[in-house]
Amino acid sequence: MSAVTTTRDAGSGLAPATMVVRSWKAPIAFAIFTVLGLVLFVLLARGGETTFRLSDARDAIILPSIVLPVDATGIVAVVLLAAAAIWAFLLVRDGRRVPLWLTSVFAVIFLVSFLTWAAAGSTLPLVGLLAGALTVSTPLIFGSLGGVISERVGVVNIAIEGQLLAGAFTAALVATVTGSAWAGLVAAMVAGAAVSAVLATFAIKYLVDQVIVGVVLNVLVVGLTSFLYSTVMTGDPDLFNKPARFERLPIPLLSDIPVIGPILFNQSLIVYAMFALVPLVWFGLFKTRWGLRLRAVGEHPKAADTVGIKVRPTRFWNVLLAGVIVGGGGAFFTLVAIGSFTKEMTNGAGFIALAAVIFGQWNPIKATLAALLFGFATNLQSTLSIVGSPVPSEFMLMLPYIVTIFAVAGLVGYSRPPAASGKPYVKA
Amino acid sequence: MSSTNPTPTATGQEPGSTTPAVDEVAPPSRGQQVLKEIFGGSAAISVLAVVLALIAGGILIVMTDEAVAEASGYFFSRPGDTFTAIFAAVGGAYEALFRGSIINLRADDFGSAIRPFMNTLANATPLSAAGLGVALAFRVGLFNIGGRGQMLIAAAAAGYVGAYIPMPPVLHLVVALIVGLIGGALWGGLVGLLKARTGAHEVIVTIMLNYIAFYLVSFLLRTPGALQAPGQNNPKSGPMLETAVFPKLFGDQYNVNLGFVLVVLATIYVWYLLNRSAMGFRFRAVGENPNAARVAGIKVERVYVQVMLIAGALVGLAGVYQVLGNFTGGFASGLDASIGVDAITVALLGRSKPWGVFFAGILFGALKAGSYTMQASEGIPVDIVLVVQSFIVLFIAAPPLVRSIFRLPTPDPLFQWRKPMLARKAEVTK
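Residues numbered from 1 in each chain as written. Chains lettered and ligands numbered in written order. Predicted model: local features only at pLDDT ≥ 70, side-chain atom pairs only at ≥ 80, totals over all residues. Heavy atoms only, no water.

## Considering the overall build of chain A
Then, in step 1: Looking only at helices and strands, chain A has 17 helices and 5 strands in total.
Then, in step 2: When burial is assessed residue by residue, chain A has 54% of its 428 residues classed as buried.
Then, in step 3: Taking all contacts inside chain A whose residues are at least 6 apart in sequence as the whole, residues at least 24 apart take part in 75%. (Helix = DSSP H or I, 4+ residues; strand = E, 2+ residues; numbered from the N terminus. Buried < 20%, exposed > 50% of the residue type's maximum accessible area, 1.4 Å probe, protein only. Contact = heavy atoms within 4.5 Å.)

## A closer look at the overall build of chain B
Then, in step 1: Secondary structure assignment for chain B yields 17 helices and 0 strands.
Then, in step 2: Considering only residue pairs separated by 6 or more positions, chain B has 73% of its internal contacts joining residues 24 or more positions apart.

## Looking at the packing of helix α7 (residues 147-164) of chain B against helix α13 (residues 300-326) of chain B
All names here are of chain B.
Then, in step 1: Two numbers describe how α7 lies on α13: the axes approach to 7 Å, and their chain directions differ by 55°. When the axis of α7 is compared with that of α13, the two are oblique. Once α7 is placed against α13, the crossing between them reads as right-handed. Each of G147, Q150, M151, A154, A155, A158, G159 and G162 in α7 lies in contact with α13, whose residues at this interface are M308, A311, G312, V315, G316, A318, G319, V320, Q322, V323 and L324.
Then, in step 2: Considered class by class, the residues forming the contact of α7 with α13 number 11 nonpolar, 8 polar and no charged. (Axes fitted to C-alpha atoms, helices over the stretch in contact; angles between N-to-C directions. Parallel < 35°, antiparallel > 145°, perpendicular 65-115°, else oblique. Left-handed = near helix turned anticlockwise from the far one by under 90°. Nonpolar A, V, L, I, M, F, W, Y, C, P; charged D, E, K, R; others polar.)

## Considerations on the pairing of strand β1 (residues 49-53) of chain A
Residue and element names in this part refer to chain A.
Then, in step 1: Sheet topology places β1 next to strand β2 (residues 66-69); 4 bridges connect them, and they run antiparallel. Bridged to E49 within β2 is P69.
Then, in step 2: Here β1 pairs with strand β3 (residues 123-125) via 3 bridges, running parallel. In the strand pairing of β3, F52 is matched with L124. (Pairing = 2+ DSSP bridges.)

## Topic: the interface of chain B and chain A
Then, in step 1: With 52 residues of chain B in contact, the opposing surface of chain A contributes 48 residues.
Then, in step 2: Interface of chain B and chain A: buried area, both sides summed, is about 4600 Å²; carbon and sulfur atoms make up 81% of it.
Then, in step 3: When the area that chain B buries against chain A is broken down by residue, the three leading residues are M208(B), Y215(B) and L394(B), summing to 14%.
Then, in step 4: Taken together, chain B and chain A are joined by 2 salt bridges.
Then, in step 5: For E394(A), the salt bridge is made with R222(B), and the minimal N-O distance between the two is 2.7 Å.
Then, in step 6: Taken together, chain B and chain A are joined by 2 residue pairs in polar contact (both at pLDDT 80 or more).
Then, in step 7: At the level of secondary structure, the elements contributing two or more residues to the side of chain B that touches chain A comprise α2 (42-64), α8 (171-198), α9 (202-221), α14 (339-349), α16 (384-397) and α17 (399-406) of chain B.
Then, in step 8: The greatest single-element share of the side of chain B that touches chain A, amounting to 12 residues, is contributed by α9(B).
Then, in step 9: The residue inventory of the side of chain B that touches chain A, partitioned by class, reads 39 nonpolar, 9 polar and 4 charged. (Buried area = accessible area lost by both parts, 1.4 Å probe. Salt bridge = Lys/Arg side-chain N within 4 Å of Asp/Glu carboxyl O. Polar contact = N/O pair within 3.5 Å; in protein donor to acceptor, adjacent residues only side chain to side chain.)

## Digging into the packing of aromatic side chains
The geometry of an aromatic ring pair is captured by two quantities: the separation of the ring centres and the angle between the planes.
Residues and elements named next belong to chain A.
Then, in step 1: Using the criterion set out here, one finds 30 aromatic pairs over all chains in the structure.
Then, in step 2: Judged by centre distance (5.8 Å) and plane angle (50°), the rings of F41 and F110 are tilted. Taken together, the residues span a long stretch of sequence, with F41 in helix α2 (residues 25-43) and F110 in helix α4 (residues 100-118) at a distance of 69 residues.
Then, in step 3: Plain terms: the ring middles of W282 and F286 are 6.4 Å apart, the flat faces sit at 50° to each other, and that makes the pair tilted. With W282 and F286 both in helix α11 (residues 269-287) and 4 residues apart, the pair spans about one turn of that helix. (Phe/Tyr/Trp six-rings, centres within 6.5 Å; stacked < 30°, edge-to-face > 60°.)

## Notes on the confidence of the model for chain B
Residues and elements named next belong to chain B.
Then, in step 1: Counting all residues, the mean pLDDT for chain B is 84, and 85% of those residues have values of 70 or more.
Then, in step 2: In the predicted structure, residues 1-25 sits below a pLDDT of 50 and forms 30 contacts with residues beyond four places in sequence or in another chain.
Then, in step 3: Under a pLDDT of 50 for its full length, residues 424-430 has, in the predicted model, 17 contacts with residues more than four places off or in other chains. (pLDDT = per-residue confidence, 0-100.)

## Digging into the sheet that holds β2(A)
Residues and elements named next belong to chain A.
Then, in step 1: The 3 strands lie next to each other as β2-β1-β3, forming an open sheet whose pairing is mixed. Each end of this open sheet is capped by a strand with a single partner; those strands are β2 and β3. Along the sheet, successive strands turn relative to each other by an average axial angle of 20°, direction set aside.
Then, in step 2: Taken strand by strand, α4 contacts β1, β2 and β3, and its axis lies near 115° from that of β1.

## Section: the pattern of salt bridges
Residue and element names in this part refer to chain B.
Then, in step 1: The full count for this structure, using the stated rule, is 10 salt bridges over all chains.
Then, in step 2: Of the charged contacts, one joins D336 and R148 as a salt bridge, the two residues approaching to 3.5 Å between their closest N and O atoms. Residue D336 is found in the loop between α13 and α14, and its partner R148 is found in helix α7; the two are separated by 188 residues along the sequence.
Then, in step 3: Taking relative accessible area as the criterion, R148 reaches 22% and is therefore assigned partly exposed.
Then, in step 4: One continuous salt-bridge network, built from bridges that share partners, spans E95, R99 and R106.

## Some points on the nonpolar core
Then, in step 1: Within the largest apolar cluster, 220 residues are counted, with the highest numbers of intra-cluster contacts made by I158(A), F341(A), L136(B), I207(B), L324(B), I384(B) and I392(B).
Then, in step 2: Examining the composition of this core, we find that 15 residues originate from one element, α13(B), more than from any other.
Then, in step 3: Beyond its immediate sequence surroundings of up to four residues, I384(B) is in contact with F227(A), G57(B), L60(B), I61(B) and M374(B).
Then, in step 4: Judged by nonpolar contacts, the second largest core, of 33 residues, contains L54(A), L102(A), L124(A) and V259(A). (Core = buried A, V, L, I, M, F, W, Y, C linked by side-chain atoms within 4.5 Å.)

## Some thoughts on the environment of F359(A)
Residue and element names in this part refer to chain A.
Then, in step 1: One can find F359 in helix α15 (residues 349-359).
Then, in step 2: Under the relative-accessibility criterion, F359 is labelled partly exposed at 23%.
Then, in step 3: Sequence separation of F359 and P400 is 41 residues, and the distance between their C-alpha atoms is 9.2 Å.

## Quick look at α15(A)
Residue and element names in this part refer to chain A.
Then, in step 1: Counted residue by residue, α15 has 10 buried out of 11 residues, so it is predominantly covered.
Then, in step 2: Looking only at α15, the buried set comprises A349, G350, F351, I352, A353, L354, A355, A356, V357 and I358.
Then, in step 3: Following α15 by one or two positions, Q361 adopts a phi angle in the positive range, close to 55°.

## A word on the environment of L349(B)
Residue and element names in this part refer to chain B.
Then, in step 1: Along the chain, the position of L349 falls in helix α14.
Then, in step 2: For the pair L349 and A360, spaced 11 residues apart in sequence, the C-alpha separation works out to 6.0 Å.
Then, in step 3: If sequence neighbours within four positions are ignored, L349 has contacts with S46, A360, L363, F364, I392 and I396.

## Observations regarding a nonpolar patch on the surface
All names here are of chain B.
Then, in step 1: On the surface, L249, F250, V261, L265, I268, W271, Y272, W355 and F359 cluster together into a nonpolar patch covering about 830 Å² of accessible area.
Then, in step 2: Broken down by secondary-structure element, the contributors of at least two residues to the nonpolar patch are α10 (258-276) and α15 (354-378).
Then, in step 3: Considering the arrangement of structural elements, one finds I268 in helix α10. (Patch = residues over 30% accessible without salt bridge, like charges linked within 9 Å, V, L, I, M, F, W, Y side chains within 5 Å. Areas by Shrake-Rupley, 256 points an atom, 1.4 Å probe, with all protein chains shown as cover.)

## So, the side chain of R295(A)
Residue and element names in this part refer to chain A.
Then, in step 1: Along the chain, the position of R295 falls in helix α12 (residues 289-299).
Then, in step 2: Here R295 is buried and forms no salt bridge, its nearest opposite-charge partner E299 lying at an N-O distance of 7.3 Å.
Then, in step 3: In contact with R295, other than residues within four places in its own chain, are R152, L285 and F286. (Lys, Arg positive; Asp, Glu negative; His and termini not counted.)

## Description of α4(A)
Then, in step 1: With 19 residues, α4(A) extends 26 Å from end C-alpha to end C-alpha; this agrees with the ideal 27 Å at 1.5 Å per step.
Then, in step 2: Residues of α4(A) that are buried: L102(A), F106(A), F110(A), S113(A), F114(A), L115(A), T116(A), W117(A) and A118(A). (Expected span 1.5 Å × (residues − 1).)

So this is what it looks like as structure tokens:
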């Protein structure tokens, strides 16, 4: 794939700046999805109608449900998708880039027609679907933010899973014992930071391979939490595993907006914190001195060292910060979503978060979007299995992982980790 | 340190040590050298790491033991009680561990007294096999975290042949085994191929493939006509046919079966491959320095594919063992029993040497076998094994840490036969 190499060269500044870079990935991807749409929506048409329910009976403003005829929607969608694919093809041929909005529109059209097709003959509660997706995504987003910070500063964080699990466990334990969800949240952050501290110490001080430490830390946290769960928590659940929870805090007025109100503005404190954290991390990374130093250390530690940035402390404290964020996200499991700790309850969320970091190109905003996408796919799977869809749920669950493999293989998007990520720095 | 080498860690020195002033220091006497090698070398580190990990596990046991908690309530009036309780808790736990993994001195006859050791060998079989697969990839500088996926695919392939395709005795077993190994090899080889063709990082790819394999096998296990037992609703396969089951080696009272022989053979094969064959030489060359290997004319990309094929087959052996030797009554999607992850710790403990991995597998097999006795007789959850395992690896991975705990001498870098498990050298990424 020659287009890939030219893109990379241009990116690293080796190629002349005037070179026209043609990336055929977007049109090819569009074409594949159009063909997929043609096969599913037209050739395997299911007939009937799909109802999208927009409002609950309890909502202040009730919107009527949208009813889409399945076959007609499919045909219209395929035509639109084909038009978008052709347009993208023409754009690339002229040496221009496919704009992000076109990709977004393409994705939305495909998604709507897929939902219509998959749920043919039944009703989809749109608000519930999206709100559920946000719930599934929240720990993923915290995890991927921590992952982004950690990798940007040059320490590969495979231990996101362990940090989430440690956060979830500690939050449950402390919130139960103290009776305060706040104390639980703080404890979760400390627990995440503790996992990070081990990772950072071994990776930065003892120069152990970061992937090894990450993998082992995951095992260690699973072992410790499961051991303590079996010995301490199951002995007296009321005393140790019945945490005070963060309740939903509907924001007045905003939470009454149809569709988006109940999804975005009727959430718990941790979710609101996440809304603030995503732009904050983005701003911090790309617009502040802290972020510049952090990225410098992750891209070229020697250069950073030369201009007087202390590489190892910068790495240590930022990995710790990443642990605080991920640990706080882990508290979401026990203090908001589920309400008690169970063995290995994170169930691979840390690895999906890792996938989101990579698919999101080590950018907090894009990683958040990737996490939302993965959360949506996971939640859609459970919704569709209730409605009875023709797609086996396992294939929906596989989606994040397949997408990530495509991403790291360079088939979709463009995957380049921070240059010094995973490499310890020793002053010569 | 030369300025062309951006990460001096690649030279395998101790962190923090400055450039070894080789010619300024008088060479130590031979006797001193040997002592340093024994106490500072990797074998001592391995033993001490196990000791430290067992101590850490003991602390955890003490902390959660009710008798200790009770006695410590009146610690200042009668401190002796607390210590008695501590010794009772830890002693009881590790006595149970020993009784469940090595030899049961309470048994009536010799046959049942050594049954725990046989259980250890049975538990060690898949651990050693998968550990070999991880270790082999390590030697090429690849991180095979995909044990779970490779095991699942191999198990599904071997299980399908073993349960649903009747064949004459012997032949059936051989075909099922080979099909399973091929399954694992392909799932592993896919990683090598992606790495070779696109440069995709194998850690990410293997992690993702683990989940893909898990959902794929889950799907097959609940699909009638694929792996699901006919006439059942559970996501579980049918039982293996008699002709495909690994025969027991020492009669029905022990669990050790043909799988153990296969693992010994696999160990010999990996030893031969790495130390005596041209392919193994290329593997090690790429593992030491892919750029130098490339300059020397070794096709690095081809090596990546080759090693992942073989590694996948070795891990696949563990998967085949699980279905044809362990869960012969039918398997579910949890058949890997976290062996895929344990294999990483086994490979690290064995320092990626074939026989080291083999014995590391036996040690972890012993921990596993003993942990069930610990749970049954002392009420200590089996999860303690995970904690001990991960502590062992953490300590082993950081020799300077263990040395500083025990105040051991730092071995002379020039005479250090085995390098500490430092981070891999910088890969040239553009």
